[in-house]
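So you can see what is in the structure, the chains are spelled out below.
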Amino acid sequence: MTLDFPVIFLLPTNLGADELHELEEQIPTLTYDINEAEVILGNVHRKQRVLFELRKHKLVTEEISTTETDEPTSPSLKRRRFQTPGSVITEDSDTASDGDFHPLLTQSTQSTLKAAPTTVKVVKLAWFTESLKAGTVLPIEDYTLYRGRKQQSKPAKLQQASPAKAANIIKRALADPKPSSHGSRPGSSHSTTSHGRRDHFITKAPALLHMTTSEHEVELPPIPAYLHTTYACQRPAPTHPPNEPFIEELTKIRTARTLLGDKIGVRAYSSAIAALISYPYLLQSAFEVARLPGCGLKIAQLYQEFREQGELQEAKEDESDPRLAVLKLFHEIWGVAETTAREFYNKGWRDLDDIIEYGWDTLTRVQQIGVKYYDEFQQKIPRAEVESIANIILEHANKIHPGFQMVIVGGYRRGKLASGDVDVVLSHPDKAATRGFVEQIVVALEQSNYITHTLILSTANTERGQEPVAWKGNEKKSGTGFDTLDKALVVWQDPHWTTGEKKNPNPHRRVDIIISPWKTAGCAVLGWTSGTTFQRDLRRYCKKERSLKFDSSGIRSRADGTWVDFESGPNGEPAPDMLTAERRVFEGLGLEWRPPEERCTG
DNA sequence: CGGCTGTACTG
DNA sequence: CAGTACA
DNA sequence: GCCG
């Protein structure tokens, strides 16, 4: 039984990701183009909110007062009446909304938007859900929040006039790969966009990006389901994606943005890069790029340039910019970021010797260390050495207090053949063992002459989550409070050498030692394994989709600040080991577990 | 048009 | 407080 | 720079 719904656009507002997806599956007449919609369905209840949503979606309408009838304004449009018992729904539309695709569309639609219905209703979600329950399309009036007449403001020239608009059209066109696609590329045989989604757009080119003749025939592979999300933590991100060369070019631009202190630009490029890393096919066209999350007109144009030129002008200019080269050099000093790098540059310094000669005394302690070991810190650490360093740390830990477990995290765990530093997470099932342990282990390793310097010792403390209501919270969770996720960022040098030099020839290494209480070891491992973009998106996902606050020392509810434990078993028994704990965190957050090698978001 | 990760140390 | 670090 |  398929109910005869009008063409519906679904507002994602106030819907969880799962909810949204479920509804999308249920709506037989779903459109992803708000302009096509006869009915806009949303989990909203006030007209004010409706107006906001319409503005947001750039749908310009003029309200139809409730007394007015929604008689069509355009003369030529046919009227359709839904055969719902008692329904007063009338729609004017020149498009068939009963779900069959008319060949004539290919003629009339390509130039701009297809002729859309001229009025639209914004309706409470309950109308749809209750209709489903009732097995019939319920009268819509009782649920209608707003009726509007669309402004006839879409002349065909618009797409010429504004590249941005045209790009939107391209993007929409590409958002719906033809289900009929019999492409030869992997995965293209079964469509992921089957649920009643109507594709009015054909692979004809709106003229913004130049298409070659052959491209007209190219059938784009369907977007893998996981690329319908903007969260990098919901997608596999391999070390070596098929489009690595293009990604490298984008990374150059991102680096320049970093040096210039353009945080938002960095964010934007990082999102685009992360999406491209997850794209499993070799790209063929700019349109294919524009439909990916985080990739818009700009990134699509850059791809176009890359395909034609094999490189990006902007990246090339950045690379040959002498100022950026100096900023990059300075930025690579541990303890120096873009502001200080720029400061140094503005003092007229151009290399490390300038810093040493003219500015040594102005450097902070860690910056001095960063300069001193600049070359050694630039060298990558082979996996075998990472393992050997980690094992020394674990041995020392167990000498202090047997029973420690360790996971080597960071790039090593993601499979990198060589790492910039060594990251280890240590934990112990006994809560008493981890409290204040970071100092002990650092002292022990100093005494064994492995640690030569301590850059940062973080004793993030038992009092975290200390409420303003501490007086009543004394009995809070009676001692199960989260204490320290402590860490030490240190400089390491193997004190043993055999070659007879008087000076230790072993390179200094950057080592991060993280101590986690057992309860949150899963969060610690998850937090310290993934790339930056994965991390950001994980936190953003927790906030927006789960109302949770994630950080590597635990998860809290944003509503009431209470701690959320996904790691313990059903009866509160602690996780058997740190990797199991990590899996439980994924599960608890509603995320598919990914092996570390697939968390290379860049 | 606002938001874009979250936390802790250093000076 | 601004700057830096970590993933 | 992109998303909602």
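Predicted, not measured: the structure shown is a model, and the values here were computed from it.

> Any chance you could explain the packing of helix 18 (residues 383–400) against helix 21 (residues 437–447) here in plain terms?
Relative orientation and spacing of two packed helices are given, respectively, by the angle between their axes and the distance between those axes. Axis separation between helix 18 and helix 21 bottoms out at 10 Å; the angle between their running directions is 115 degrees. As far as their axial angle goes, helix 21 and helix 18 are roughly perpendicular. As for the relative orientation of helix 18 and helix 21, their crossing is right-handed in sense. Here helix 18 contributes I392, I393, H396, A397 and I400 to the contact with helix 21, which in turn contributes F437, Q440, I441, A444 and L445.

> Looking at this model, I keep getting lost on the packing of helix 8 (residues 244–259) against helix 9 (residues 263–278). Mind explaining?
Between helix 8 and helix 9, the shortest axis-to-axis distance is 9 Å and the interhelical angle comes to 165 degrees. Relative to helix 9, the element helix 8 is oriented roughly antiparallel. Note that helix 8 runs across helix 9; the crossing there is left-handed. Residues F246, I247, L250, T251, I253, R254, R257 and T258 of helix 8 touch helix 9, and the partners they reach there are G265, V266, Y269, S270, I273, L276 and I277. The residue makeup of the contact of helix 8 with helix 9, split by class, is nine nonpolar, four polar and two charged.

> Help me understand the sheet that holds strand 15 (residues 509–517) in this model?
Whether parallel or antiparallel, the strands of a sheet pair through hydrogen bonds between backbone atoms. Spatially, five strands are ordered 10-12-15-14-13 in an open sheet, and the strand pairing comes out mixed. Each end of this open sheet is capped by a strand with a single partner; those strands are strand 10 (405–408) and strand 13 (451–458). With strand direction ignored, the average angle separating the axes of adjacent strands in the sheet is 20 degrees. Note: strand 12 (residues 422–428) against strand 15, seven bridges, orientation parallel. The residue bridging V425 from the neighbouring strand is I514, located in strand 15. Of the strands in this sheet, strand 10 and strand 12 are in contact with helix 24 (residues 578–588), which crosses strand 10 at around 60 degrees.

Calculation notes
Residues numbered from 1 in each chain as written. Chains lettered and ligands numbered in written order. Predicted model: local features only at pLDDT ≥ 70, side-chain atom pairs only at ≥ 80, totals over all residues. Heavy atoms only, no water. Axes fitted to C-alpha atoms, helices over the stretch in contact; angles between N-to-C directions. Helix = DSSP H or I, 4+ residues; strand = E, 2+ residues; numbered from the N terminus. Parallel < 35°, antiparallel > 145°, perpendicular 65-115°, else oblique. Left-handed = near helix turned anticlockwise from the far one by under 90°. Contact = heavy atoms within 4.5 Å. Nonpolar A, V, L, I, M, F, W, Y, C, P; charged D, E, K, R; others polar. Pairing = 2+ DSSP bridges.

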